[in-house]
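Observations on the three-dimensional arrangement
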Amino acid sequence: MRQRPIIFLLFLIPLAIPVAAGAASMPDGPGTVRRYAIFGPEHQDVTLRDNRLRGAVFYVVSGHGGPDSGARGQRDGATLCEDEYAYDVGLRLARRLLEHDARVYVIVRDNDGIRDDSLLLCDEDETVWGGRDIPLSQLDRLRQRSAIVNRLARRNRDARYHRLIVLHVDSRAEGDRVDIFFYHHSTSSAAARTARRLQDTIEEKYRVHQPWRGYHGTVAPRDGLFMLKSTRPRTVYIELGNIRNPLDQRRFVSVDNRQALANWLTEGLLEDFRLTR
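Residues numbered from 1 in each chain as written. Predicted model: local features only at pLDDT ≥ 70, side-chain atom pairs only at ≥ 80, totals over all residues. Heavy atoms only, no water.

Right, let's talk about the environment of L121 for a bit. Assignment of secondary structure puts L121 in the loop between β7 (108–109) and β8 (127–128). C-alpha separation for the pair L121 and V57, spaced 64 residues apart in sequence, amounts to 31 Å. When near neighbours in sequence (up to four residues on either side) are disregarded, L121 contacts E84 and R115. (Helix = DSSP H or I, 4+ residues; strand = E, 2+ residues; numbered from the N terminus. Contact = heavy atoms within 4.5 Å.)

The strand order across the open sheet formed by 3 strands is β7-β8-β9, and the pairing between neighbours is antiparallel. Either end of the sheet is taken by a strand with one partner, and the two such strands are β7 and β9 (132–133). In this structure, β8 lies alongside β9, joined through 2 bridges in antiparallel fashion. From the neighbouring strand, T127 faces β9, where its bridge partner is D133. (Pairing = 2+ DSSP bridges.)

Spatially, the 6 strands line up as an open sheet ordered β6-β3-β10-β13-β11-β12, and their pairing is mixed. Lying at the two open borders of the sheet, with one neighbouring strand each, are β6 (103–106) and β12 (219–221). Pairwise comparison of adjacent strand axes, ignoring direction, gives a mean angle of 25° for this sheet. Looking at chain direction, strand β11 (residues 181–184) and strand β13 (residues 234–242) are connected through 3 bridges and run antiparallel. Paired with Y183 across the bridge in β13 is Y237. Those strands touched by helix α1 (residues 82–99) are β3 (56–62), β6, β10 (161–170) and β13, and its axis lies near 150° from that of β10. Where helix α6 (residues 255–276) meets the sheet, its contacts fall on β3, β10, β11 and β13, and the angle it forms with β10 comes to roughly 155°. (Axes fitted to C-alpha atoms, helices over the stretch in contact; angles between N-to-C directions.)

Following the criterion strictly, the structure yields 23 salt bridges and no others. Between D101 and R34 there is a salt bridge, with the nearest N and O atoms lying 3.2 Å from each other. Of this pair, D101 sits in the loop between α1 and β6 while R34 sits in strand β1 (residues 33–35); the two residues are 67 residues apart in sequence, bridging distant segments of the chain. In this pair, the class of D101 matches that of R34, namely buried. Here R258 makes a salt bridge to D88, at a shortest N to O gap of 2.7 Å. Here the residue R258 occupies a position in helix α6, and D88 occupies one in helix α1, the gap between them amounting to 170 residues. Look at R258 and you get buried, because its relative accessible area is 0%. Among the charged side chains, a network of salt bridges with common partners joins R177, D179, R213, D248 and R251. (Salt bridge = Lys/Arg side-chain N within 4 Å of Asp/Glu carboxyl O. Buried < 20%, exposed > 50% of the residue type's maximum accessible area, 1.4 Å probe, protein only.)

No statement about biological role is implied by the geometric values presented.
Written out as structure tokens, the structure reads:
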């Protein structure tokens, strides 16, 4: 696996577009419609389903972005860029979490919105929370986004549940097929439990929807990853598949599959929040 350094939100501040507002600042009944421009014109209106995640704070970080597209694959003559697919899954996840009244911060940001296309064009115009450019240096990029997460976590220190969700797409030999897998820091039992609940949720979904296939995604500690060792919230680092493998590509090239990933991760986080309380 290529290491980085080695698949998948928000208050009003100057020059930043909020992805999510604090639940207390808006009407909170089911059926309330809130508008978040970051999701794009087709998806910006979010209907509150319930309050099952009220009190939970999520920080969603899609990997790479800006001058670094991350891993790349080829499909139908087009280039697949890791950052575009991780970002789209991240937006879809953020939107689903908002439907359950979570407070969510999208750290890496773009103006693309949620895209209902199979082949997502690669670009370099992503920024981070606060409208700042993404540095060219990998270490500077990681320091920048971890500092943002830590600052927001301090702002929300009274929340009883924090989770940082980091989304990536792996790069391996073209013939290697991998299932969605998870990393956490070895010192965080809470993050390990969250990762296992996400794993359990996805395994159950495969059991229902593809019982002939099986699911072999793993959960493991990976203490050397910067976003696991340098951030305050409990962090789950998710790899969505191998961007070079044609079968894995279907997991995130398909719009329905990207939405399913977001739905399944949301279900796992709902269960984790319920049990953690």
